[in-house]
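Now for the letters of each chain:
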Amino acid sequence: MPTATPSPSSPAQRDIAPNPHPAPPHHDNLPFHPDAPPPTTQTATVAGHELTVFVESPPLFDALLQDSAAATKRIWIEVYICFNDPPCLRISQALQQKARDGLDVRVLYDAVGSASTPNAFFNEMLDAGVRVHPFHPLMEGFRRFRPFTILNRRNHRKIIVIDDRIGYFGGMNLVEN
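The shown structure was predicted, so the numbers you read here are calculated from the model rather than taken from an experiment.

1. Details of the pattern of salt bridges
Here's step 1: The final tally for this structure, using the stated rule, is two salt bridges.
Here's step 2: Between Arg74 and Asp164 there is a salt bridge, with the nearest N and O atoms lying 2.3 Å from each other. With Arg74 in strand β3 (residues 74-79) and Asp164 in the loop between β6 (159-162) and β7 (166-169), this residue pair connects regions lying 90 residues apart in the sequence.
Here's step 3: Taking relative accessible area as the criterion, Arg74 reaches 22% and is therefore assigned partly exposed.

Put into structure tokens, the structure is as follows:
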């Protein structure tokens, strides 16, 4: 049975505004083919600096490991979740080696965001010379008689600085998923 097309004066047609930017007839100007999966990274130059946008965590971890291996002075990490899974274990081992090599390596993680990560994970880094510090552990709240204040004040930052010239920032934690 044929369906009726609403007339231009029907409410359904009047409420839809025409698209002022219709899609181009071909896809030559797209950075990837529209039927292909989107890229996991995109790079651009902004104000003379190379900026890479990571869409998924595996390429981010690969780049972080590569930049950490090339570090000569320091690696500072501030993150909400540092999870005890294979990618984070590889990052932890790289940080430990750099600390043993004499670099200034620091990790600031959120005590609640990383609560499921065993203390042994962080203790290994400490033993290797990494300066590890939890942000607002719950015991700090009880010691100051302010557990709910401490519980509510979390560190959701995700910042990594390598040798004062490479920076990572954004929304990805050090966790596989």
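2. Let's talk about the pairing of strand β2 (residues 49-54)
Here's step 1: Direction of pairing for strand β1 (residues 41-46) relative to β2: antiparallel, over a ladder of six bridges. Paired with Thr45 across the strands is Glu50, a residue of β2.
Here's step 2: Taken together, β1 and the strand that follows it, β2, pair antiparallel across an intervening segment of two residues, in which Ala47 is found at a positive phi of about 50°.

3. Here we look at helix α4 (residues 119-128)
Here's step 1: All of the buried residues along α4 are Phe121, Phe122, Met125 and Ala128. Looking straight down α4, one finds its buried side chains confined to an arc of 120°; they lie on one side. Opposite its buried face, α4 presents the exposed residues Asn119 and Asp127, each directed more than 90 degrees away.
Here's step 2: Buried residues in α4 make contact with α3 (86-100), β4 (104-110) and β5 (131-135).
Here's step 3: After α4 finishes, the residue Gly129 shows a positive phi value of roughly 105°.

4. Some thoughts on the packing of α3 against α4
Here's step 1: One can describe the packing of α3 onto α4 by two numbers: an axis separation of 8 Å at closest approach and a directional angle of 20°. Our classification of the angle between α3 and α4 gives roughly parallel. Here the hand of the crossing between α3 and α4 comes out right-handed. Touching Cys88, Leu89, Ser92, Leu95, Gln96, Ala99 and Arg100 of α3 are Phe121, Glu124, Met125 and Ala128, all from α4.
Here's step 2: Looking at the contact of α3 with α4, its residues break down into seven nonpolar, two polar and two charged.

5. Examining the packing of helix α2 (residues 57-70) against α3
Here's step 1: Close contact between α2 and α3 brings their axes to 10 Å; oriented N to C, the two are set at 10°. The orientation of α2 with respect to α3, classified from their angle, is roughly parallel. Between α2 and α3, the contacting residues are Phe61, Asp62, Leu64, Leu65, Ser68 and Ala69 on the first element and Pro87, Arg90, Ile91, Ala94 and Lys98 on the second.
Here's step 2: Tallied by class, the residues present in the contact of α2 with α3 amount to seven nonpolar, one polar and three charged.

6. Notes on the environment of Ile166
Here's step 1: With respect to the helices and strands, Ile166 occurs in strand β7.
Here's step 2: Ignoring sequence-local partners within four residues, the contact set of Ile166 consists of Asp67, Ile160 and Val161.

7. Quick word on the confidence of the model for the protein chain
Here's step 1: Residue-level pLDDT values for the protein chain average 77, and 65% of them are 70 or greater.
Here's step 2: Helix α1 (residues 11-14) is the least confidently modelled element of the protein chain, averaging 46 in pLDDT, while α3 averages 94, the highest of any element.
Here's step 3: When the criterion is pLDDT under 50, residues 10-14 qualifies, and its contacts beyond four places in sequence or with other chains add up to five contacts.
Here's step 4: Scored below 50 in pLDDT, residues 23-27 makes two contacts in the model with residues more than four places away or belonging to other chains.

Reading the values: the criteria
Residues numbered from 1 in each chain as written. Predicted model: local features only at pLDDT ≥ 70, side-chain atom pairs only at ≥ 80, totals over all residues. Heavy atoms only, no water. Salt bridge = Lys/Arg side-chain N within 4 Å of Asp/Glu carboxyl O. Helix = DSSP H or I, 4+ residues; strand = E, 2+ residues; numbered from the N terminus. Buried < 20%, exposed > 50% of the residue type's maximum accessible area, 1.4 Å probe, protein only. Pairing = 2+ DSSP bridges. Arc of directions from axis to C-beta. Contact = heavy atoms within 4.5 Å. Axes fitted to C-alpha atoms, helices over the stretch in contact; angles between N-to-C directions. Parallel < 35°, antiparallel > 145°, perpendicular 65-115°, else oblique. Left-handed = near helix turned anticlockwise from the far one by under 90°. Nonpolar A, V, L, I, M, F, W, Y, C, P; charged D, E, K, R; others polar. pLDDT = per-residue confidence, 0-100.

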